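Structural description and commentary
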Amino acid sequence: TWCGPCVAEMPHVISTYEKYKSAGFEVLGISLDSDKDALDKFVADKKMTWPQYFDGKGWDNDIAKRIGISSIPATFLIGKDGKVIGSNLRGSALEDAVASSVK
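Bear in mind the structure is a predicted one, so any value in this text is a computation, not a measurement.

Some details on a nonpolar patch on the surface
On the surface, Ile 67, Phe 76, Ile 78 and Val 84 cluster together into a nonpolar patch covering about 380 Å² of accessible area. Mapping Phe 76 onto the fold places it in strand S3 (residues 76–78).

This is the structure we're talking about:
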C-alpha cells in the first residue's frame, strides 16, 4: 500500500493473473504492511482476488525474512515442480515468463 514501485507494478500482476489464472497461474501476496485495514482497502480497491499473507510485522514479516526478501517489489515465479523459474519479473517480463511456463 505504501511502496510506490509495488503499486506501479500491480496493474501488470493483475492483468497477468486475469489472463493466465485459468491456465493454473496463481498469485500469493506477501504483505509488508503493518496496517491491516489499509491492506484490506487496497486489496479491495485493486480487485486483487488472490490470498494475501499478512502478519503485521512490516519488514520483519515471517515469510519475507525466511525467503530473504530485502527489497520490494519482489517476485518469484515457481513452476509446477516447485522450483523457482524466474524472479524479479516486472512489467511484460512477468507476463512473458508466465506465458512460457503454462504452455
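Now, onward.
Side note on the side chain of Asp 33
Relative to the helices and strands, Asp 33 resides in the loop between strand S1 (29–30) and helix H2 (36–46). Although Asp 33 lies buried, it forms no salt bridge, and the closest oppositely charged side chain, Lys 36, sits 9.6 Å away as judged by the N-O distance. At 2.4 Å, the side chain of Asp 33 forms a polar contact with the side chain of Thr 1. A polar contact of 2.8 Å, which involves the side chain of Asp 33, links it to the side chain of Ser 31. Excluding residues that lie within four positions of it along the chain, Asp 33 makes contacts with Thr 1, Trp 2, Leu 39, Phe 54, Gly 56, Lys 57 and Gly 58.

So, the environment of Asp 33
Classification of Asp 33 as buried rests on a relative accessible area of 7%. Placed 22 residues apart in sequence, Asp 33 and Asp 55 show a C-alpha to C-alpha distance of 8.3 Å.

Structural notes on H2
Buried within H2 we find Leu 39, Phe 42 and Val 43. Viewed along the axis of H2, the buried residues span an arc of 95 degrees, placing them on a single side of the element. Residues of H2 that are exposed and angled more than 90 degrees away from the buried face: Asp 37, Lys 41, Ala 44 and Asp 45. Taken together, the buried residues of H2 touch helix H1 (4–20) and strand S2 (52–53). Of the residues flanking the start of H2, the one acting as N-cap is Asp 35, its side-chain oxygen 3.0 Å from the backbone nitrogen of Asp 37.

Definitions and cut-offs
Position numbers for residues count from 1 along each chain, tracking the sequence in the order it is written. Local features are withheld for residues below a pLDDT of 70 in this predicted model, meaning they are given only at 70 or higher, and side-chain atom pairs are given and counted only at 80 or more; totals for whole chains, interfaces and linings count all residues. Computation of side-chain values: all heavy atoms of the structure, hydrogens and water removed. To count toward a patch, a residue needs a relative accessible area over 30% and no salt bridge; like charges are then connected within 9 Å, while nonpolar side chains (Val, Leu, Ile, Met, Phe, Trp, Tyr) are connected within 5 Å. Calculation of accessible area relied on Shrake-Rupley with a 1.4 Å probe; when residues are assessed, cover is drawn exclusively from the protein chains displayed. The salt bridge definition used is simple: a Lys or Arg side-chain nitrogen within 4 Å of an Asp or Glu carboxyl oxygen. Secondary structure elements follow DSSP: runs of H or I of four or more residues count as helices, runs of E of two or more count as strands, with numbering from the N terminus. Type-normalised accessible area, obtained with a 1.4 Å probe on protein chains alone, sets the label of each residue: buried when under 20%, exposed when over 50%, and partly exposed for intermediate values. When charges are counted, neither His nor the chain ends are considered; positive counts come from Lys and Arg and negative counts from Asp and Glu. Polar contact criterion, stated in full: a pair of N or O atoms within 3.5 Å, where within protein one must be able to donate a hydrogen and the other to accept it, and residues adjacent in sequence count only if both atoms are side-chain atoms. Contacts were defined at the residue level, with two residues in contact if any of their heavy atoms lie within 4.5 Å. Arc definition: directions from the helix axis to the C-beta atoms.

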